[in-house]
Amino acid sequence: MTAIRGARERARSEITEAIKKEARRQLAAEGAAKLSLRAVARELGMVSSALYRYFPSRDDLLTALIVDAYNAVGEAAERAGDALRGPDAERPAARWGAICAGVRDWALSHPHEYALIYGSPVPGYRAPQATTGPAARVGLALMGVVRDAHAAGALKEPSEPLPDAVAGDALALGAELGVELPPAVLARLVGAWAQLFGLLSFELFGQFNRVVEARTEFFEQAVAGLAREVGLPVPRRGAVG
């Protein structure tokens, strides 16, 4: 790589990050539906035609922000689970709880980015395939805990039979991901994944106001319940782990 080419690539990367930073500021101030390339260009002192060389449309910029947000919360989940050391690292419920807490910490620190990916859909925007992998990272982190517990013989499998349609979906999901887990476990995992973000959305969007004041303790208790629901061994007393 020549020095000139390297300098150009660094400059492009810096401008791309500046565009996304300004777009995130506008998301916080106006919401995703009002995001405008012209407004971003104006705030950065760029002409619109120059900005279009980085992001040809509003949807391209939105996709970049969405992918960044999914990767950020996914990285937070993975890092929290990997941070356990010693005996806790061998306790599946402790890993499960750490991952969920890592997701919550990120969400509370980045409420506008959370709203972008888990809030109301942006009118007229259709997420492309590029968002699918990043969006799955939290779910896969939780699935990894359950898969390891199953391999170690520590997972209690649900005894209730699944409706045929739900079992079919679970089998298809397992085949797509290359994960060997009982269909009933996979179905409950998907439910737990959805409930995790339901808890977070209630907290961030104000539905817990004047209902739940001990937010952290309530979250830990709910997360412990989700762990039990998917079959992880969770102590009946104390927090998850």
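One structure accompanies this document, and this report is about it. (Residues numbered from 1 in each chain as written. Predicted model: local features only at pLDDT ≥ 70, side-chain atom pairs only at ≥ 80, totals over all residues. Heavy atoms only, no water.)

Tracing the sequence through the fold places Arg104 in helix α5 (residues 92-109). Contacts of Arg104, omitting those with residues within four sequence positions, involve Leu200, Glu203, Arg215, Thr216 and Phe219. (Helix = DSSP H or I, 4+ residues; strand = E, 2+ residues; numbered from the N terminus. Contact = heavy atoms within 4.5 Å.)

Turning next to the packing of α5 against helix α6 (residues 111-118). Look at α5 against α6: their axes get within 5 Å of each other, and the N-to-C directions meet at 110°. Classed by the angle they form, the pair α5 and α6 counts as roughly perpendicular. Between α5 and α6, the contacting residues are Trp106, Ala107, Leu108 and Ser109 on the first element and Pro111, Glu113, Tyr114 and Ile117 on the second. The residue inventory of the contact of α5 with α6, partitioned by class, reads six nonpolar, one polar and one charged. (Axes fitted to C-alpha atoms, helices over the stretch in contact; angles between N-to-C directions. Parallel < 35°, antiparallel > 145°, perpendicular 65-115°, else oblique. Nonpolar A, V, L, I, M, F, W, Y, C, P; charged D, E, K, R; others polar.)

Among the nonpolar cores identified, the biggest contains 62 residues, and Leu61, Trp96, Val146, Leu189 and Leu232 are the most heavily contacted of them. Counting residues per element, the ones that place at least two in this core are α1 (3-30), α2 (37-44), α4 (58-82), α5, α6, α8 (137-151), α10 (183-204) and α11 (215-229). Here the element with the most residues in this core is α4; it accounts for 10 residues. Beyond its immediate chain neighbours, meaning those up to four positions away, Trp96 contacts Leu142, Val145, Val146, Leu189, Ala192, Val223, Leu226, Ala227, Val230 and Leu232. (Core = buried A, V, L, I, M, F, W, Y, C linked by side-chain atoms within 4.5 Å. Buried < 20%, exposed > 50% of the residue type's maximum accessible area, 1.4 Å probe, protein only.)

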